[in-house]
Amino acid sequence: MYSLVKKEMKGMDEKKVPRNGLIDVMRLGFAVLIMMYHFYSNGKKHFPGGFLGVEFFVILAGFLMFSAWDRHQVSKVPLEKRQQYWLGYMKKRYIRFFWLCLPAFLLIFFIVRIWKGELAGIAKICDALSGDIWEILLVKMNGLNRGVWQLHTNTWTMSCMLFAEFFMLGMLAFFGKPFISLLMPLSLVAGIGYWANLKDASLRFFHTFFTFGVLRIYILTCCGILTYWICQKIKAVPFSAIGRWVLTGAELTGYTVCVLIALYRSSIYYLFCFVLVATLVLAVSFSGKSFAGSMLPANTVTNFCAELSLSLYLIHWPVLMVFQHVFKDINELYRQKFVFLYCALAVALGYTYIMRGVLNMLLIVKRKLKSVMLERL
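K.L.:
Quick rundown of the overall build of the protein? Include the residues and the values.
P.N.:
Counting its secondary structure elements, the protein contains 15 helices and 0 strands. Relative to its full complement of 377 residues, the protein shows a buried share of 47%. In the protein, 79% of the contacts between residues at least 6 apart in sequence involve partners at least 24 apart. For the protein, the exposed surface amounts to about 19300 Å²; the carbon and sulfur share of it is 68%.

K.L.:
If you had to explain the confidence of the model for the protein to someone new, which residues and values would you point to?
P.N.:
Detail in the predicted coordinates should be disregarded across regions flagged by low pLDDT. Confidence in the prediction of the protein, expressed as mean pLDDT, is 86, and 88% of residues score 70 or more. Contacts for the low-pLDDT stretch residues 1–9, under 50 throughout, to residues beyond four places or in other chains number 18 contacts.

K.L.:
Please set out the environment of Phe-174 residue by residue, giving values where relevant.
P.N.:
Mapped onto the elements, Phe-174 comes out in helix α7 (residues 155–174). Distance in space between the C-alpha atoms of Phe-174 and Ser-75 is 9.5 Å, their sequence separation being 99 residues.

K.L.:
If you had to explain α7 to someone new, which residues and values would you point to?
P.N.:
Spanning 20 residues, α7 covers 29 Å between terminal C-alpha atoms, matching the ideal 28 Å at 1.5 Å per step. By the criterion of burial, α7 is predominantly enclosed, with 16 of the 20 residues buried.

K.L.:
I'd like a rundown of the packing of helix α4 (residues 79–116) against α7, residues and numbers included.
P.N.:
Their axes nearest at 9 Å, the elements α4 and α7 cross at an angle of 175 degrees. If you check the angle between α4 and α7, you find them roughly antiparallel. Contacts between α4 and α7 involve Leu-79, Arg-82, Gln-83, Tyr-85, Trp-86, Leu-87, Tyr-89, Met-90, Arg-93, Tyr-94, Phe-97 and Cys-101 from the former and Thr-155, Met-158, Met-161, Leu-162, Glu-165, Phe-166, Leu-169, Gly-170, Leu-172, Ala-173 and Phe-174 from the latter. Across the contact of α4 with α7, the residue classes tally to 17 nonpolar, 3 polar and 3 charged.

K.L.:
Explain the pattern of salt bridges to me, and be specific about the residues and the numbers.
P.N.:
What the rule picks out here adds up to 7 salt bridges. We note a salt bridge from Glu-165 to Arg-93, for which the minimum N-O separation is 2.9 Å. A residue pair is termed long-range when its members are at least 10 positions apart, and Glu-165 in helix α7 and Arg-93 in helix α4 qualify at 72 residues. Classification of Glu-165 by relative accessible area gives buried; the value is 1%. With its nearest N and O atoms 2.9 Å apart, the salt bridge here joins Glu-332 to Arg-335.

K.L.:
Which residues make up the nonpolar core, and what values go with them?
P.N.:
Counting residues in each nonpolar core, the largest one holds 115 residues, and the members touching the most others are Phe-56, Leu-169 and Phe-340. For this core, the element with the most residues is α4, which contributes 15 residues. Those residues in contact with Leu-169, other than ones at most four positions away along the chain, are Met-65, Trp-69, Tyr-85, Trp-86, Tyr-89 and Met-90.

K.L.:
Residues and numbers for the side chain of Ser-309, please.
P.N.:
Following the sequence through the fold, Ser-309 ends up in helix α13 (residues 300–326). Beyond its immediate chain neighbours, meaning those up to four positions away, Ser-309 contacts Arg-27, Leu-28 and Ala-31.

What counts, and where the lines are drawn
Residues numbered from 1 in each chain as written. Predicted model: local features only at pLDDT ≥ 70, side-chain atom pairs only at ≥ 80, totals over all residues. Heavy atoms only, no water. Helix = DSSP H or I, 4+ residues; strand = E, 2+ residues; numbered from the N terminus. Buried < 20%, exposed > 50% of the residue type's maximum accessible area, 1.4 Å probe, protein only. Contact = heavy atoms within 4.5 Å. Areas by Shrake-Rupley, 256 points an atom, 1.4 Å probe, with all protein chains shown as cover. pLDDT = per-residue confidence, 0-100. Expected span 1.5 Å × (residues − 1). Axes fitted to C-alpha atoms, helices over the stretch in contact; angles between N-to-C directions. Parallel < 35°, antiparallel > 145°, perpendicular 65-115°, else oblique. Nonpolar A, V, L, I, M, F, W, Y, C, P; charged D, E, K, R; others polar. Salt bridge = Lys/Arg side-chain N within 4 Å of Asp/Glu carboxyl O. Core = buried A, V, L, I, M, F, W, Y, C linked by side-chain atoms within 4.5 Å.

See below:
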């Protein structure tokens, strides 16, 4: 059992949930919906629920986090090994998020602070950079900064996911059964009740000690764990061919409902409908019991769609800042919607390949430094 945890610490990619081509394509679709929601954020006439793509991503991340924990049977090893898994997982998660977000942040710093803000001189640039350092480190939380909004708005999701996953994996490491059987269900009931009764669920408002964004991500991550449990139950059912076709129809209908809600609805009640349906359809997709997975199996194209979705999520914000600066009239900006769409996709495509090279280079540098240090020791 120790060897399993040790292997996880060395490389968490060795054990993965089998990829699902439909989910990867949906990830790209929801990234596009988020992007267009931001594009029309002033009018809210189009893509009013596009922000719900974030809900889909976080539920998916919660599922993958807990499935890795369960598959490696970390709960069965001693506390010390559970702590190693927890800290090792968060270390890898933070490093990946940091390097993926850093170029996007530097780009938007140049656009907003230097170009639009007309900063000149090393001293002024350093002063501005010192104020954004916590955002660079992915620990800047909306609501804990005297009302100052983040420079790269989309990185709030990354920050909140790191905090939520750190807390939840820590609870699993130290209080596994009490957390799973008591605290997490109570969190869902109390958190959703609190969330549903907010007069304004905007992230710009501070709620109690932490920001509403953290609470939102925490609840959705709990939904991801619930998705994993439902998935395991579905896997245990011996469906007939007819049953699998019915399940496939329900799965595809669920994804369609999620997309329609994101396209046309934005009320908090539709938000919870979206979360409920997304929780169920992801469970069905990962169970492998429907035919949708075999109709659209994971391949190079679908894998790339998943990779591109994260790049698009991160990089479309700087592109949008450029368009808003160039086209100051809102009507003129809206007339450029297809130009914006093509530009954002093109930049995201380039960003994907650049980050591939950056991450590969970091691995090579890490190995070189490690070998040099070990030889000297």
